[in-house]
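Topology and contacts: notes
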Amino acid sequence: MAATIEGQDRVLAAAQQIVKSLNTSTNVDTEDMLMILSNFDNRLSKLSNMMTTTTSSSSTPTSARSAAAAAAVAETDHSYTDLVFEEAAKLVLEWDSPPNADPDSTSEYLNAVDEIIKKTEDLNVLSSDMDRAEAALQHAMAHLEEEFRHVLIGNTVPFDVGRLHESSFIRRCSISSSAVAIPDFETGTLSEDQEDVSSARYNHVKGKSLGADDFSLDLVYNDAIIDLREIANRMIKSGYEKECCQVYSSVRREVLDECLAILGIEKLSIEEVHRIDWQSLDEKMKKWIYAVKVLVRILLSAEKSLCDQVFGDSELIKEVCFMETAKGCVMQLLNFGEAVAIGRRSSEKLFRILDMYDALADVLSDIELLFCDEDGELVCGESKGVLDGLGEAAIGTFVEFENAVEREISKKPTQGGEIHPLTRYVMNYVKLLVDYSDTLNGLLEKLESCMEHDPSATDNGDNLELENVAPLARRLMLLIKSLEGNLEGKSRMYEDCGMPYIFLMNNVHYIVQKVKDSELQKLLGDQWVRKRRGQIRQHATSYLRASWSKVLSCLKDEGLSGSSSNASKVALKERFKNFNACFEEIYRIQTGWKVPDPQLREELRISISEKVLPAYRSFLGRFGSHLESGRNAGKYIKYTLEDLEGYLLDLFEGTPLVLHHMRRKGT
């Protein structure tokens with residue numbers, strides 16, 4: 001306190017000397033000088049009154065008075081600056097409570113820091129005074145560093161994941177359907193009821209702009225941003241930008257890590273990812289896809305905005321702070337993506353890998369905008385590398401799928417000639433691939449551009465069909481052709497001569513229906529569908545020939561006498577007996593066969609009826625009377641035309657039946 005009073009006395013004494021020097025002047029400059037002096041401190045304002053009573057008696061030359069005034073001002077200015085610094089240093093060194101406790105206190109503290117900074121920038125300060133100024137500055141910066149941390153942590157807005165889930169932006173990024181496990185060829189678990197599986201396709205939000213139009217996220221309360229900016233400006237001005245950046249980045253990194261944890265993202269090494277079972281990995285991949293959108297489009301966009309607000313006066317500092325804050329969480333996501341890309345390839349992973357590829361591709365431009373400086377090239381480069389890796393993994397997995405279809409050699413035929421699980425598997429799989437046409441076409445084009453020719457398009461009979469179609473369509477045509485070849489081999493496992501054609505007819509019909517009921521028809525084309533429909537008709541015709549030729553041969557005239565009137569009754573009895581036996585055997589066997597599609601089943605029954613019933617009607621009309629008048633006629637003519645027509649309706653239902661014919665009474 002004594003030092004302060006002594007300093008004030010010196011300032012007043014110097015000011016009085018200036019006034020005395022100016023008392024003899026009546027020049028207007030004197031009044032200007034007094035105005036300057038009074039602005040130094042309110043303690044000098046009272047000295048202006050001295051001028052009003054003594055200016056008229058001055059006799060000193062103006063130049064001399066001006067020189068004296070200048071000297072006096074210099075001495076006063078120096079004394080006043082020392083006094084202000086002393087008071088500022090004392091305030092800083094003795095401060096115990098946080099500046100943000102009271103707005104007036106905050107302003108007073110920051111003004112004191114400004115005075116200390118000004119002192120350290122004065123080139124005319126003595127070395128001893130400079131040491132004291134730098135010591136005070138160091139103390140002030142340590143306090144501001146802690147205060148910066150305190151304000152940043154204490155005013156962080158909690159991550160509202162509930163509001164996030166409710167936003168339309170996130171709904172558009174979310175999963176569109178529930179995942180259904182697709183059986184794996186390698187394990188041999190092929191489900192017979194694998195119908196209408198879903199890839200759990202994600203709705204990806206396309207766009208080149210940062211952030212979501214319908215969702216804004218505040219990371220720090222607005223009132224605190226002003227304080228953070230004031231503190232950051234002083235730390236940067238004092239050369240403590242490194243410390244400021246470290247505090248900011250460490251606090252915000254922890255917040256982003258917590259946000260990722262809330263989104264279900266764990267820190268896993270590549271080895272740990274590779275040890276995860278498929279069901280668990282599938283869940284983590286879905287969470288990754290969701291988190292990539294949220295992190296880049298919402299969290300990092302908001303983080304970039306916060307950096308701009310806090311460090312807006314320094315382009316370099318805000319870029320460094322954002323880089324140090326955001327790099328870690330982005331790399332964490334990229335590491336998981338890399339682990340998936342280099343992991344074991346199996347067909348069930350393809351759709352999720354494609355979802356990951358699409359998600360990262362969609363935000364790549366945003367990443368490039370966020371990390372646009374030189375240091376950000378590392379993040380951008382890693383992102384592109386992981387994207388390429390996921391693309392290669394997707395194509396590699398697709399090739400594995402093609403090979404699995406070709407290699408599948410299950411020996412057990414399907415019961416009743418039904419649709420083979422392989423056919424269900426492949427067609428449901430292929431149907432889902434159409435959702436990724438754009439992505440797969442782009443990836444396959446890259447693959448084909450790296451090859452001198454497409455080896456899959458050589459040495460096959462469908463070269464014309466494969467021309468002028470998109471890469472994915474070409475690969476799917478070849479894939480289905482491979483499936484059809486596999487099915488041809490499986491059809492030869494049936495012992496009954498008619499069963500292979502029912503089996504092939506069922507499976508090709510299933511393939512055609514899957515194509516017609518999806519976007520596959522646009523991809524493969526009408527000509528491709530017409531060709532398979534022709535195959536279905538061929539298989540049906542081959543079935544009729546194989547199964548019913550023997551029955552129809554019993555209803556021919558060959559081997560009987562020249563005319564119906566003198567036909568041998570013995571031969572006729574044998575013909576009717578053979579017909580009955582053949583029909584009953586077919587009925588017993590083929591009622592156990594299965595044609596799942598109602599329309600196809602009805603069409604096949606009609607085809608049989610059109611072959612058998614007219615022949616039986618004609619044969620019965622020409623020769624039936626020869627036996628009906630004899631004894632035991634019902635033993636040979638067991639069935640009426642209506643009986644046969646009714647029995648044919650029992651075929652292909654998948655439930656074996658036996659004809660228990662009530663023998664008609666003889667005449």
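A few points on the structure.

Analysis parameters
In every chain, residue numbers begin from 1 and rise along the written sequence. Side-chain atom pairs in this predicted model are given and counted only at pLDDT of 80 or more, local residue features only at pLDDT of at least 70, and totals for whole chains, interfaces and linings cover all residues. Excluding hydrogens and water, the side-chain values take into account all heavy atoms of the structure. Under the DSSP-based scheme used, a helix requires at least four consecutive residues in state H or I and a strand at least two consecutive residues in state E, with every element numbered from the N terminus. In this scheme, a residue with accessible area under 20% of its type's maximum is buried, one over 50% is exposed, and one in between is partly exposed, where area comes from a 1.4 Å probe on protein chains only. By the convention used here, residues are in contact when the closest approach between their heavy atoms is within 4.5 Å. Residue exposure ignores everything except the shown protein chains as possible cover, and the areas themselves are Shrake-Rupley values with a 1.4 Å probe. The residues that make up patches have over 30% relative accessible area and no salt bridge, and they are joined within 9 Å when like-charged or within 5 Å when they are Val, Leu, Ile, Met, Phe, Trp or Tyr. The rule for a salt bridge is simple: a side-chain nitrogen of Lys or Arg has to be within 4 Å of a carboxyl oxygen of Asp or Glu. In this tally Asp and Glu are treated as negative and Lys and Arg as positive; neither His nor the chain ends contributes. Charged groups are reduced to one reference atom each: NZ for lysine, CZ for arginine, CG for aspartic acid, CD for glutamic acid. A helix is expected to reach a length of 1.5 Å times the quantity of its residues less one. Only the contacting stretch of a helix is used when fitting its axis, a line to C-alpha atoms as for every element, and angles between N-to-C directions run 0 to 180 degrees. The cut-offs work like this: below 35 degrees is roughly parallel, past 145 is roughly antiparallel, 65 to 115 is roughly perpendicular, and the gaps in between are oblique. The nonpolar class holds Ala, Val, Leu, Ile, Met, Phe, Trp, Tyr, Cys and Pro. Asp, Glu, Lys and Arg form the charged class, and all remaining residues, Gly among them, are polar. Pairing of N or O atoms within 3.5 Å defines a polar contact, subject to two protein rules: one partner must be a possible hydrogen donor and the other a possible acceptor, and residues neighboring in sequence count only if both atoms are side-chain atoms. Here, two cysteine sulfur atoms that lie within 2.5 Å of each other are counted as a disulfide. Think of it this way: a Phe, Tyr or Trp ring, Trp meaning its six-membered ring, pairs with another when their centres are within 6.5 Å, and the plane angle makes it stacked under 30 degrees, edge-to-face over 60, tilted otherwise. By definition here, charges over rings are those cases where NZ of Lys or CZ of Arg is within 6 Å of the ring centre and within 35 degrees of the ring normal.

This part covers the overall build of the protein. Helix and strand content of the protein: 26 helices and zero strands. Within the span of the protein, comprising 667 residues, buried residues form 48% of the whole. The long-range fraction of contacts in the protein, counting pairs at least 24 apart against all pairs at least 6 apart in sequence, stands at 81%. A total accessible area of about 32800 Å² is found for the protein, and carbon and sulfur atoms account for 49% of it.

The next thing to look at is a negative patch on the surface. A cluster of acidic side chains, namely Glu-324, Glu-374, Asp-375 and Glu-377, defines a negative patch on the protein surface. If you trace the backbone, Glu-377 turns up in helix α15 (residues 377–407).

Moving on, we get to helix α20 (residues 499–516). Across its 18 residues, α20 extends 26 Å between first and last C-alpha, which sits within 8% of the 26 Å expected from 1.5 Å per residue. Of all 18 residues making up α20, 15 are buried, and the element is well covered by its neighbours.

Right, let's talk about the side chain of Thr-439 for a bit. Positionally, Thr-439 belongs in helix α17 (residues 437–449). With a relative accessible area of 14%, Thr-439 lands in the buried category. In this structure Thr-439 touches Leu-354, Tyr-357 and Asp-358, once residues within four positions along its chain are discounted.

To continue, consider the packing of helix α19 (residues 471–491) against helix α22 (residues 526–553). Each packed pair of helices is defined by two parameters, the angle between the axes and the distance between the axes. Interhelical geometry of α19 versus α22 gives an angle of 10 degrees and a closest axis separation of 13 Å. What the angle tells us is that α19 and α22 run roughly parallel. For the pair α19 and α22, contact is made by Met-477, Ile-480, Glu-484 and Glu-488 and by Trp-528, Arg-532, Gln-535 and His-539, respectively. Here the residues of the contact of α19 with α22 are counted per class, giving three nonpolar, two polar and three charged.

Attention shifts here to the environment of Asn-428. On the secondary structure map, Asn-428 appears in helix α16 (residues 421–433). The exposure class assigned to Asn-428 is buried, which follows from its relative accessible area of 2%. Measuring from C-alpha to C-alpha, the distance between Asn-428 and Ile-511 comes to 9.5 Å, with 83 residues separating the pair along the chain. A distance of 3.4 Å separates polar atoms of two side chains, one belonging to Asn-428 and the other to Tyr-510. Separated by 3.2 Å, the side chains of Asn-428 and Lys-514 make a polar contact.

Applying the stated criterion across every chain, the model contains zero disulfides. Cys-582 provides the cysteine sulfur closest to Cys-554, a residue in no disulfide bond, and the two sulfurs are 4.4 Å apart.

Turning next to the pattern of salt bridges. Here the structure, examined in full by the defined rule, presents 24 salt bridges. The salt bridge involving Glu-519 is made with Lys-522; its shortest N-O contact spans 3.5 Å. The exposure class assigned to Glu-519 is partly exposed, which follows from its relative accessible area of 45%. Connected through salt bridges with shared partners, the residues Asp-282, Arg-352 and Asp-355 form a single ionic network.

The next thing to look at is the packing of aromatic side chains. This structure, assessed with the given rule, holds 19 aromatic pairs. Plain terms: the ring middles of Phe-401 and Tyr-425 are 5.8 Å apart, the flat faces sit at 35 degrees to each other, and that makes the pair tilted. Note that Phe-401 is positioned in helix α15 and Tyr-425 in helix α16, a separation of 24 residues in sequence. Looking at Tyr-425, the relative accessible area reads 2%, which means it is buried. Clustering of aromatic rings is evident, with ring pairs tying together Trp-548, Phe-579, Phe-583, Tyr-587, Tyr-616, Tyr-639 and Tyr-647. The residue whose ring lies beneath Lys-304 is Phe-322, and the NZ or CZ to ring-centre distance is 4.8 Å.

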